[in-house]
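As a plain string of letters, each chain reads:
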Amino acid sequence: MNCADHCNRSKYIEPRRTRVIGVLLGKQEGREVELINSVELSFTVENGKNVIDEAFAARRLAAYKTMFPNLDCLGWYTTGSE
């Protein structure tokens with residue numbers, strides 16, 4: 001749900017974007033994966049490549065780790081066609 005919300009908001013908030021990028025937070029025990037939340041990432045497009053703002057990502061992930069120490073970054077998502 002968070003990923004879809006992120007995508008929809010990015011279409012209507014300046015600057016308007018069709019591509020969004022984020023990370024998936026959750027828990028993994030063996031082969032069982034539970035996705036609990038997601039974190040939106042800030043990025044720019046340079047020479048046709050997506051460049052993630054690593055400082056922004058590190059701050060956001062550190063804040064989530066403080067609030068939810070049992071959640072780990074399990075993957076990432078991207079939507080759009082840019």
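A brief report on the enclosed structure follows. (Residues numbered from 1 in each chain as written. Predicted model: local features only at pLDDT ≥ 70, side-chain atom pairs only at ≥ 80, totals over all residues. Heavy atoms only, no water.)

Thoughts on the sheet that holds strand 2 (residues 32–40)
Here we have three strands laid out as an open sheet, ordered 2-1-5, and antiparallel in their pairing. Two strands bound the open sheet, and with one partner strand each, they are strand 2 and strand 5 (72–79). Adjacent strand axes in the sheet meet at a mean angle of 30 degrees when their direction is disregarded. Here eight bridges tie strand 1 (residues 20–29) to strand 2, and the two strands are oriented antiparallel to one another. Looking at strand 2, one finds that Val23 is bridged to Val39. In the packing of helix 2 (residues 54–67) onto the sheet, contacts are made with strand 1, strand 2 and strand 5, and the angle to strand 2 comes to roughly 125 degrees. (Pairing = 2+ DSSP bridges. Helix = DSSP H or I, 4+ residues; strand = E, 2+ residues; numbered from the N terminus. Axes fitted to C-alpha atoms, helices over the stretch in contact; angles between N-to-C directions. Contact = heavy atoms within 4.5 Å.)

Notes on the pattern of salt bridges
For the coordinates displayed, the defined rule picks out one salt bridge. For the salt bridge of Lys65 with Asp72, the shortest nitrogen-to-oxygen distance reads 2.8 Å. What makes Asp72 partly exposed here is its relative accessible area of 40%. (Salt bridge = Lys/Arg side-chain N within 4 Å of Asp/Glu carboxyl O. Buried < 20%, exposed > 50% of the residue type's maximum accessible area, 1.4 Å probe, protein only.)

Quick look at unusual backbone geometry
In the Ramachandran plot, Asn47 falls in the positive-phi region, its phi being about 55 degrees despite a non-glycine side chain. By secondary structure assignment, the location of Asn47 is in the loop between strand 3 (43–46) and strand 4 (49–52).

Describing the pairing of strand 1
With seven of 10 residues buried, strand 1 lies mostly within the body of the structure. Summarising the sheet, strand 1 and strand 5 pair through seven bridges and their orientation is antiparallel. By the bridge assignment, Leu24 is partnered in strand 5 with Gly75. Turn length for the strand 1-strand 2 hairpin, with the two strands adjacent in sequence and antiparallel, is two residues, and the turn residue Gly30 shows positive phi of about 65 degrees.

Shape descriptors only; they carry no functional weight alone.
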